[in-house]
Amino acid sequence: MSDSENPALGHARFRENLEFLSRNLRFSWHKPTWDLFARLDPAVWRRTQHNPVCLLQELGEAALEERAQDSMLVAVAAELAEALRAYLEGGGTWFERTHAGSDLLVAYFSAEFAVTECLHIFSGGLGVLAGDHLKSASDLGVPLVAVGLLYREGYFEQQVDAAGVQREAYPAMEFERLPLTLEQHANGTPLLVPFPFRDHQGLARVWRADVGRVPLYLLDTDLPARPPEERRITDRLYGGDAEHRLQQEIVLGIGGMRALAALGIAPTTIHLNEGHAAFAGVERVQQATGAEHTALAETAGRFAQDVVFTTHTPVPAGHDFFPAELLKRYLGGYVWEMGAPWERFLALGRHDGTDECESFNMTLLALRLSSRRNGVSRLHGEVSRRMWRGVWDDLEEPEVPIGHITNGVHLATWVAPPMAALYDRHIGREWRDETDQVRWQRAAHVLGHELWAVRSAQRARLIEVARRELTEQLRRRGEPADWACDVLDPDVLTIVYARRFATYKRATLLLSQPERLRRLLTSWDRPVQFIFAGKAHPRDEPGKENLRQIHAWSSDPRVRRHFVFLEGYDVELARSLVSGADVWLNVPRRPYEASGTSGMKAAANGALNLSIPDGWWAEAWAEHNHLAEPPGWSIEAPQHWAEGQDEEDANALFELLEHDVIPLFYERDLRAIPNRWCERMRATMRELVPFFNTHRMVQQYTEAFYLRAGGMPGRTHAHGASEEVAAAG
Ligand SMILES: *Cc1c(COP(=O)(O)O)cnc(C)c1O
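Residues numbered from 1 in each chain as written. Predicted model: local features only at pLDDT ≥ 70, side-chain atom pairs only at ≥ 80, totals over all residues. Heavy atoms only, no water.

Colleague: Explanation requested: the overall build of the protein chain in the structure shown.
Modeller: A count of helices and strands for the protein chain gives 27 helices and 20 strands. Its C-alpha atoms give the protein chain a radius of gyration of 26 Å, near enough to 27 Å, the size a compact globule of 729 residues would have. Sequence separation of at least 24 residues holds for 73% of the intrachain contacts in the protein chain that already meet a minimum separation of 6. Both charge centroids of the protein chain, one from 79 positive and one from 101 negative side chains, sit 2 Å from each other. (Helix = DSSP H or I, 4+ residues; strand = E, 2+ residues; numbered from the N terminus. Rg over C-alpha atoms; globule rule 2.2 N^0.38 Å. Contact = heavy atoms within 4.5 Å. Lys, Arg positive; Asp, Glu negative; His and termini not counted. Charge placed at Lys NZ, Arg CZ, Asp CG, Glu CD.)

Colleague: Can you help me understand the domain arrangement of the protein chain in this one?
Modeller: Domain boundaries in the protein chain define domain 1 (7-89), domain 2 (101-404) and domain 3 (412-692). Using C-alpha coordinates to define each centre, domain 2 is positioned 33 Å away from domain 3. Counting the surface domain 2 buries against domain 3, the share from its top three residues, Glu117, Gln158 and Leu379, is 20%. Inspection of the region where domain 2 meets domain 3 yields three salt bridges. Between Glu117 and Arg575 there is a salt bridge, with the nearest N and O atoms lying 2.7 Å from each other. Among the elements of the structure, helix H7 (125-140), strand S3 (157-160), strand S4 (166-169) and helix H15 (378-387) are those that each provide at least two residues to the side of domain 2 that touches domain 3. The element that contributes the greatest number of residues to the side of domain 2 that touches domain 3 is H7, accounting for six residues. Here the residues of the side of domain 2 that touches domain 3 sort into 17 nonpolar, 11 polar and nine charged. (Domains from an automatic or database assignment. Buried area = accessible area lost by both parts, 1.4 Å probe. Salt bridge = Lys/Arg side-chain N within 4 Å of Asp/Glu carboxyl O. Nonpolar A, V, L, I, M, F, W, Y, C, P; charged D, E, K, R; others polar.)

Colleague: Help me out: how do you make sense of the pairing of strand S18 (residues 583-586) in this one?
Modeller: Along any regular strand the residues' side chains alternate between the sheet's two faces. Judged by which residues are buried, S18 turns out to be covered on both faces: Val583 and Leu585 on one side and Trp584 and Asn586 on the other are all buried. With two bridges connecting them, strand S15 (residues 493-498) and S18 associate as parallel partners. Pairing of Ile495 across the sheet is with Val583, part of S18. Pairing geometry for S18 and strand S19 (residues 608-611), over four bridges, is parallel. Along S19, the bridge assignment pairs Trp584 with Asn609. (Buried < 20%, exposed > 50% of the residue type's maximum accessible area, 1.4 Å probe, protein only. Pairing = 2+ DSSP bridges.)

Colleague: What is the right way to read the site of the ligand from this model?
Modeller: Taken together, the neighbourhood of the ligand is formed by 14 residues, with Gly125, Ala574, Thr597, Ser598 and Lys601 sitting nearest. Thr597 is positioned with one of its backbone polar atoms (N or O) 3.1 Å from an oxygen atom of the ligand. Between an oxygen atom of the ligand and a side-chain N or O atom of Ser598, the distance comes to 2.5 Å. Of all the elements in the fold, those that place two or more residues in the shell around the ligand are H7, helix H22 (571-580) and helix H23 (598-604). When residues of the shell around the ligand are assigned to domains, at least three map to each of domain 2 (101-404) and domain 3 (412-692). (Near = heavy atom within 4 Å. Polar contact = N/O pair within 3.5 Å; in protein donor to acceptor, adjacent residues only side chain to side chain.)

Colleague: Explain the sheet that holds S18 here, please?
Modeller: Paired through their backbone hydrogen bonds, the strands of a sheet run either parallel or antiparallel. Pairing is parallel across the open sheet formed by six strands, whose spatial order is S17-S16-S15-S18-S19-S20. Looking at which strands have only one partner, the edges of the open sheet turn out to be strand S17 (563-566) and strand S20 (632-634). Across the sheet, the axes of successive neighbouring strands diverge by a mean angle of 20°, strand direction being ignored. The sheet strands contacting helix H20 (residues 514-521) are strand S16 (528-533) and S17, and the helix crosses S16 at an angle near 115°. Against the sheet, helix H26 (residues 675-688) contacts S15, S18, S19 and S20, and its axis sits at roughly 90° relative to S19. (Axes fitted to C-alpha atoms, helices over the stretch in contact; angles between N-to-C directions.)

Colleague: What should I look at first to understand the pattern of salt bridges in this one?
Modeller: Working definition: two side chains of opposite charge can pair if their charged atoms are close together. A full pass over the atoms with the stated rule returns 59 salt bridges. The partner of Glu58 in a salt bridge is Arg47, with the nearest N and O atoms 3.0 Å apart. In this pair, Glu58 is assigned in helix H4 (residues 52-67) and Arg47 in helix H3 (residues 42-47), connecting sequence segments 11 residues apart. Overall, the relative accessible area of 36% leaves Glu58 in the partly exposed class. Across the salt bridge formed by Glu545 and Arg548, the nearest N and O atoms sit 2.9 Å from each other. Taken together, the positions of Glu545 and Arg548, both in helix H21 (residues 541-555) and three residues apart, correspond to about one turn of that helix. Within this structure, Arg46, Arg468, Glu469 and Glu472 form a network of salt bridges that share partners.

Colleague: Would you take a moment to explain the environment of Leu88 for this structure?
Modeller: As for its position among the elements, Leu88 is in helix H5 (residues 71-89). Those residues in contact with Leu88, other than ones at most four positions away along the chain, are Phe20, Asn24, Gly212 and Arg213.

Colleague: Which parts of the structure should I look at to understand the nonpolar core?
Modeller: Across soluble globular proteins, nonpolar side chains have a tendency to be buried as a group. Within the largest apolar cluster, 131 residues are counted, with the highest numbers of intra-cluster contacts made by Phe109, Phe279, Leu327, Leu331 and Phe345. When residues of this core are assigned to their parent elements, the largest contribution, eight residues, is made by helix H9 (residues 242-262). When residues of this core are assigned to domains, at least three fall in each of domain 1 (7-89) and domain 2 (101-404). (Core = buried A, V, L, I, M, F, W, Y, C linked by side-chain atoms within 4.5 Å.)

Colleague: Sorry if this is basic, but what is going on with helix H17 (residues 417-426) here?
Modeller: Along an α-helix, residues three or four positions apart point the same way, because every turn accommodates 3.6 residues. Those residues of H17 that fall on the buried side of the exposure criterion are Met419, Ala420, Leu422, Tyr423 and Asp424. Summarising the contacts, the buried residues of H17 are in contact with helix H18 (437-440), helix H19 (448-476), H23 and H26. Count one or two residues on from H17 and you reach Gly428, which has phi positive near 105°.

Colleague: What is the right way to read a negative patch on the surface from this model?
Modeller: On the surface, a cluster of negative charge is made up of Glu343, Asp352, Asp355 and Glu356. Checked against the element boundaries, Glu343 lands in helix H13 (residues 342-347). (Patch = residues over 30% accessible without salt bridge, like charges linked within 9 Å, V, L, I, M, F, W, Y side chains within 5 Å. Areas by Shrake-Rupley, 256 points an atom, 1.4 Å probe, with all protein chains shown as cover.)

Colleague: Even after reading the chapter, I still don't get the packing of helix H1 (residues 7-22) against H5, so can you show me in this structure?
Modeller: To characterise two packed helices, one gives the angle between the axes of the helices and the distance between these axes. The N-to-C vectors of H1 and H5 enclose an angle of 45°; their axes lie 9 Å apart at closest approach. By the angle class used here, H1 and H5 are oblique. Between H1 and H5 the crossing geometry is left-handed. Across the interface between the two elements, Phe14, Asn17, Leu18, Phe20 and Leu21 of H1 pack against Leu73, Val74, Ala77, Ala78, Leu80, Ala81, Leu84, Arg85 and Leu88 of H5. The class makeup of the residues in the contact of H1 with H5 is 12 nonpolar, one polar and one charged. (Parallel < 35°, antiparallel > 145°, perpendicular 65-115°, else oblique. Left-handed = near helix turned anticlockwise from the far one by under 90°.)

Spelled out as structure tokens, the structure:
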């Protein structure tokens, strides 16, 4: 008897298929699955922050039974479950085709991961990059597992009060209501992992999130039976003081390696995404040498063969330093058990082994425990070689063994549906699976009216979202919200600035010339409108002051219709912003933006970048500025920011807006299409999208680093390693 003849059976199968689909985070980049969940109940889907597990729990049996009457819906669920099964089985992936027979298994460590909005264990770009890395590894079939921490309260939720003061809320996540699986022993007891905690061992449990084919293991110390000071370790991301940070990094690095061992996973290569996880390199030595009690400093070099380290920022606050006595309180016993003299261990994290006062630097540790090292853009590679040349005092700066692999974004996650449909038609559906520079040349033939229709649709959609969000945020503050329903104009040039409010990013650069800005906003014939969003770190007072100033503009009745600030910048809001922007604005003090990735997301949606040539934009611009219509604009700035430079950069920015960007947007043909603007969009798609994505990035990591790192037995050899990373190792 078929399911359709037996309603009870049909319902059970429907439910089973939904459960199966809800348990894999692939829904976050597989649009048909996403749409299926949305169709079950759009309101609940949105309210649960697109959490399918929570959605099914909230709908309950009765509602699902009712949905099971819809035979189309049932058929779609069955089809999608089948498709997910096929995806998980793999077959024909890039890795399988190009590196068959390899025994590679990468363990990727990161303090944050942004995979999708319901799992908020990230603060910004580093987490988004890590999440996109996993998705591309999954799509490409690269054998990779990931390790991170499961923070009970994640990073904060932002609200801004009427005076522009940021309020931070920390709602606790209920792990049982998330797409997570608790790792257990065969007898059903949770797997517990010990880690050094002062003079004893702490314990963490392990949750697994399935990111397509990639398992992401998340450690959680919030165990009811443990003492409060242990339970607090994984409470918040970047929330505490140095001691709290140290505790977290011990759990991540040492606990993380032990978790893998307990799960029977033996990686051939370790990738440290930023210095936070550098203790993993130490634990690797410990596990490999075991009771041999060899001196760490001598052995470390040997094991560094298998370790890849990516450094992510030239900003000093981005690097962790721990006082030596604090470190000793936590790791003294651990290092003693390894048989390593304490001073030798300390020296791994210090520039100068003889300076008693020098703090222990996690970036130095990671540099010394790895053999393949990189910055995240060409310029950042250079800056990193200069920053860390002291580690190799016998080498000239260009020889310092730190290369670069430029960051990317996961296209299927970030391209909005109208643009994705356009790519399907013109580039071919394969754009999701693989990067192929040649295929993307087809973007040259997309007609202006088609391109412009997509651009306009996505801009209109963003403006709808902005009005809705603004209305909600005004209501929350108890302010009149009636004016919010018609802010912004779907036909007006829309410039978005969205990123963390770190002062080096200069969110307020435009505000330095208020009259000039007001003229642009209120021009009767060629107006501009701005949308701002971003969080300031809870302890970054100057960053919060920047936010306050932006907020003040967005509340000024003279300009508030054209200058909007949206609270709660997260991946959901980011998707709307990058899809709807005409221009993506970035004005960091050079060279502090190591890469930046939001501009790549915008580019993938056809936005034009207007940016200081820092991070990724420095190389994007250098390669393509010769085009008659290049893929955006560069605000020329000297190599190194110095006092007084802000004013010059503001002038250059206004000049570009007034003389280039705005006139080009409003230069229309008889059908109201801005042809030269469209040509710049095509240049963006042809030249930027096929390179600035994580499929290309993960392929580079795989061929130049993962497969070449180490000399562990049974390793196949990579071919075609790119010159981009030749400086590394
Ligand atoms: C992409 C993204 C970032 C990083 O973008 P930058 O260009 O590095 O600022 C930060 N936060 C969110 C929510 C993002 O989606």
